[in-house]
Amino acid sequence: MIDLTPFWITFKLAVVTTAILFVISVPLARWLAGTRNRFKSLVEAAVSMPLVLPPSVLGFYFLMAFGPSHGIGGFLDRYFDVRLVFSFPGLVLASVIYSLPFMVHPIQSGFAGLSANLAEASYSLGRGKWDTLTKVLLPNIKPSLLTGTVLTFAHTIGEFGVVLMIGGNIPGKTNVLSIAIYDEVEAMNYHNANIYALTLFAVTFAILLTVYFINHRFSILRRL
Amino acid sequence: MIRLSVNMSLNGAQGKMALDVACQIDEGVLSTFYGASGAGKTSFLRLLAGLAVPDRGHIEVGGQVWLDTERKINVPPQERNIGFVFQDYALFPNMTVMGNLEYALGKKGDKKQIDEIALILDLGQFMGQYPATLSGGQKQRVALARALVRRPKLLLLDEPLSALDNDMRSRLQDHILTVHRAFGLTTILVSHDVSEIYKMSDHIFVLDQGHITKEGRPQDLFTDSRISGKFQMPGEILSIEREDIIYVITVLVHNNVVKVVGTKEDIITMRPGDKVLVSSKAFNPIISKMEPLL
C-alpha cells in the first residue's frame, strides 16, 4: 500500500513556501528594481546564490546555524523551545531561502519593465504607496507575478538536497515526495517509486504548461 | 504666487550638472520653461511636484510652504494637489479611460467633475476603452483630463505634445489653453518648441545648463532674428549638385524637400548631412490661404 503523506507534506510545503515568498519578494523586488543604492549588487548576488550553490552547501550551513547545539539554533531551543532542524517549520525556512530567486527575479524584471512614471503619476494624483502598489503596479505585472508564483511552487515541489539535509527524512513530518522516491528505490519498491515519480512529473509539467499558456494569452491580449 | 529657489546636482547625459533655479511665478499665468534637452526642465518640474527632493531649497505656493530643506519641511506629492502630465502620458494600462479618471478622483470625489472634464476634452466616445487602444492625441487628452479631475490649482506639463504630429499638436494646444482659462489654473509648461511657446505662454523662462538665463514675455524675448522680418528654418542637406556655374543644394526642411541655389563659395564647407539654416527676407515669400482638404 502506498503511503500518501508525502503528497500532503510536499503540497503543504510548496503552498506555505510560495505564500511566504510572495509576501517577501514583492517589496524586495520593488526595491531592487528601483534602487540606486550601492549595496544593490550585494543583495542581488545574495538572492541569486541558491541558483548556483549545491543545495547541500545551504543545507550544511543551515544545520550548523540552527542545530540545537549551535549559535542561533541553541538560542531558539533554550529560550523559545523552537527547533528548526528536522521539523516542518525548518523545512519551510530552508525552502524559502532556497527558492527566493525563483520568486524575486521574475517580479523584479516585471517592475523594471514598468515606466517609473506610472508610480509617480499615481502619487501626483494623491494616492499613497499601498494604493499605487496594489491598484497600479501589481495589476500591470500579472504575468511576472504568475511566473514567479508558479516557478516557486514547482521548484519547491522538486526540492531534494536541502530538504534531505534539514528535514532529515522523518516520515509524516518532513518526508516529501522527492525523498520518498529515493527511499522507495533504495528499498527496491520500484512500483511505489514509479507512482511518486510519475505524479511529480505530471504535476510539474502541467503547472509549467499552464504558466506558459497563460502568459502567452497575456502577451496576445497586450498586443491588441 | 509661487516662490521657489532650489539647488540640486543632477547626473545628466553630459555628466554632472547643477540645477540652480530661483524664480517667482504669478497665479493664473501660463509660464513656459524653454531649453534644450538636458537643461534640467523635467527635473525642475519634478522638484515642484515633490517627485524629487533638491539638496537645498525652498518652495512656497500660495503662501503655503511645500519645501524647506533647512526647516526639514517636505510636503509629499500626494498632498501638494498638483496635476502632472507626463511626457509618456503614464496612463494606467490596466484601467479603462473611465477607470483612470475614477482612480484620480478617489472614492470621495464627485463624479460630476469627471463628466465636466470629459465634456470639455471630448472624451465621451472612448470612456470604456483601454489606453493601449487609443491614439497619441487621445492618450494625451486623457492624461490631461486625469491630471485635472482633482481640480488642482497648479498644472505641470512635461513636454506633453512632443510626440504628436503638427495638426494634433495645434488642437491640443487649444485644449490646454481652454482648460487653463476654464479652471483658472496656474500652468507650467516645459517645451523646446518655439512656436508652441510663442502661442501659449504668458511668461517664459529660458533654462540653460540648469540656470535661468532669460525671462520675460514672449514678445519681448523673441525680438531677435527669430521673429524679425526674416524666415529661418533649420534643415539638413540631402545633396549638392552642380548645374553650369551654380550649385543646387537640396535641403530637407521639416517634411519638405527644398532646392536652394548656392555659389561655389557657399558649398566649400557644406556636405550632405550637414545641418543648415535656410533663411529668407519676409518680403520674398509668397503667402496664400490653404483650402481645407476635408
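Computed from a predicted structure; not experimentally measured.

1. Brief notes about the overall build of chain A
And then number 1: Within chain A, the regular secondary structure consists of 11 helices and 0 strands.
And then number 2: When the elements of chain A are put in sequence order from the N terminus, they spell out α-α-α-α-α-α-α-α-α-α-α.
And then number 3: Its C-alpha atoms put chain A at 65 × 45 × 25 Å along the principal axes.
And then number 4: Burial statistics for chain A: of 224 residues in total, 43% are counted as buried.
And then number 5: For chain A, the exposed area adds up to about 11900 Å²; of that, 70% sits on carbon and sulfur atoms.
And then number 6: One finds the centroid of the 15 positive side-chain charges in chain A at a distance of 18 Å from the centroid of its 10 negative side-chain charges.

2. Re the pattern of salt bridges
And then number 1: Inspection of every chain in the model, using the stated rule, returns 9 salt bridges over all chains.
And then number 2: Note that R46 of chain B and E120 of chain A form a salt bridge whose closest N and O atoms lie 2.4 Å from each other. Note that R46 of chain B is positioned in helix α1 (residues 41-49) and E120 of chain A in helix α6 (residues 116-124), a pairing that runs across two chains.
And then number 3: According to the relative accessible area criterion, R46 of chain B is partly exposed, its value standing at 23%.

3. Observations regarding α1 of chain B
Residue and element names in this part refer to chain B.
And then number 1: The buried fraction of α1 amounts to 7 of the 9 residues, a majority that puts the element mostly inside the structure.
And then number 2: Listed as buried for α1 are K41, S43, F44, L45, L47, L48 and A49.
And then number 3: Following α1 by one or two positions, G50 has its phi on the positive side, about 85°.

4. Comments concerning the confidence of the model for chain B
Residues and elements named next belong to chain B.
And then number 1: Confidence along chain B averages 86 in pLDDT terms, with 94% of residues attaining 70 or more.
And then number 2: Looking across chain B, the model is least confident in helix α7 (residues 218-221), with a mean pLDDT of 76, and most confident in helix α2 (residues 97-105), with 94.
And then number 3: Taken together, the chains of this predicted complex give a pTM of 0.77 and an interface ipTM of 0.77.

5. Notes on the interface of chain A and chain B
And then number 1: Across the contact, 19 residues belong to chain A and 23 residues belong to chain B.
And then number 2: Taken together, the connections running from chain A to chain B amount to 1 salt bridge.
And then number 3: Remark: the boundary between chain A and chain B carries 10 residue pairs in polar contact (both at pLDDT 80 or more).
And then number 4: For the side of chain A that touches chain B, the secondary structure elements donating two or more residues are α6 and α7 (129-137) of chain A.
And then number 5: Residue contributions to the side of chain A that touches chain B peak at 7 residues, all from α6 of chain A.
And then number 6: Classifying every residue of the side of chain A that touches chain B by side-chain character gives 7 nonpolar, 8 polar and 4 charged.

6. A closer look at the environment of T134 of chain A
All names here are of chain A.
And then number 1: Take T134: it is sitting in helix α7.
And then number 2: Exposure remark for T134: the relative accessible area of 29% places this residue in the partly exposed category.
And then number 3: At a separation of 2.9 Å, a polar atom in the side chain of T134 contacts the main-chain carbonyl oxygen of W130.

7. Some words on the environment of L10 of chain B
Residue and element names in this part refer to chain B.
And then number 1: Structurally, L10 is set in strand β1 (residues 2-12).
And then number 2: Given the relative accessible area of 13%, L10 is considered buried.
And then number 3: Expressed as a C-alpha distance, the spacing of L10 and P160, which sit 150 residues apart in the sequence, is 22 Å.
And then number 4: Setting aside its immediate chain neighbours within four residues, L10 contacts G15, K16, M17, L19, G40 and S43.

8. What to know about the confidence of the model for chain A
And then number 1: With 98% of its residues at a pLDDT of at least 70, chain A reaches an overall mean of 87.
And then number 2: Put simply, helix α4 (residues 71-80) of chain A is where chain A has its lowest mean pLDDT, 73, and α7 of chain A is where it has its highest, 94.

9. Quick look at the side chain of R146 of chain B
And then number 1: Note that R146 of chain B resides in helix α4 (residues 136-148).
And then number 2: Of the side chains with opposite charge, D88 of chain B comes closest to the buried, unpaired R146 of chain B, at an N-O distance of 7.7 Å.
And then number 3: Each residue touching R146 of chain B, except ones within four places of it in the same chain, is listed here: A121 and L125 of chain A together with Y89, A90, L91, F92, N100, L101 and A104 of chain B.

10. Looking at unusual backbone geometry
And then number 1: Of note in the backbone geometry, M188 of chain A takes a positive phi value of approximately 65° without being a glycine.
And then number 2: Within the secondary structure, M188 of chain A sits in the loop between α10 (177-186) and α11 (190-223).
And then number 3: With relative accessibility at 62%, the residue M188 of chain A sits in the exposed group.
And then number 4: Unlike most non-glycine residues, A90 of chain B shows phi in positive territory, near 50°.
And then number 5: With respect to the helices and strands, the residue A90 of chain B is situated in the loop between β7 (82-85) and α2.

11. Remarks on the environment of L32 of chain A
Residues and elements named next belong to chain A.
And then number 1: Locating L32 in the fold gives a position in helix α1 (residues 5-34).
And then number 2: When the C-alpha positions of L32 and V43 are compared, they lie 8.3 Å apart, and in sequence the two are 11 residues distant.
And then number 3: Beyond its immediate stretch of four places on either side in the chain, L32 contacts K40, V43, E44, V104 and Q108.

12. Considering the packing of α2 of chain B against helix α3 (residues 111-120) of chain B
All names here are of chain B.
And then number 1: The interhelical angle for the contact between α2 and α3, taken along N-to-C directions, is 130°, at an axis separation of 10 Å. Classified by the angle between their axes, α2 and α3 sit oblique to one another. Of the two elements, α2 crosses α3, and the hand of that crossing is right-handed. Between α2 and α3, the contacting residues are M98, L101, E102 and L105 on the first element and K111, Q113 and I114 on the second.
And then number 2: Tallied by class, residues from the contact of α2 with α3 come to 4 nonpolar, 1 polar and 2 charged.

13. Quick word on the pairing of strand β13 (residues 246-253) of chain B
Residues and elements named next belong to chain B.
And then number 1: Taking burial as the measure, the 8 residues of β13 include 6 buried ones, the bulk of the element.
And then number 2: For β13 and strand β14 (residues 256-262), the ladder comprises 7 bridges, and the chain directions are antiparallel. When the sheet's bridge partners are listed, I249 is paired in β14 with V260.
And then number 3: Counted along the chain from β13 to the antiparallel partner β14, the turn is 2 residues long, and its residue H254 has a positive phi close to 50°.

Cut-offs applied
- Residues numbered from 1 in each chain as written.
- Chains lettered and ligands numbered in written order.
- Predicted model: local features only at pLDDT ≥ 70, side-chain atom pairs only at ≥ 80, totals over all residues.
- Heavy atoms only, no water.
- Helix = DSSP H or I, 4+ residues; strand = E, 2+ residues; numbered from the N terminus.
- Buried < 20%, exposed > 50% of the residue type's maximum accessible area, 1.4 Å probe, protein only.
- Areas by Shrake-Rupley, 256 points an atom, 1.4 Å probe, with all protein chains shown as cover.
- Lys, Arg positive; Asp, Glu negative; His and termini not counted.
- Charge placed at Lys NZ, Arg CZ, Asp CG, Glu CD.
- Salt bridge = Lys/Arg side-chain N within 4 Å of Asp/Glu carboxyl O.
- pLDDT = per-residue confidence, 0-100.
- Contact = heavy atoms within 4.5 Å.
- Polar contact = N/O pair within 3.5 Å; in protein donor to acceptor, adjacent residues only side chain to side chain.
- Nonpolar A, V, L, I, M, F, W, Y, C, P; charged D, E, K, R; others polar.
- Axes fitted to C-alpha atoms, helices over the stretch in contact; angles between N-to-C directions.
- Parallel < 35°, antiparallel > 145°, perpendicular 65-115°, else oblique.
- Left-handed = near helix turned anticlockwise from the far one by under 90°.
- Pairing = 2+ DSSP bridges.

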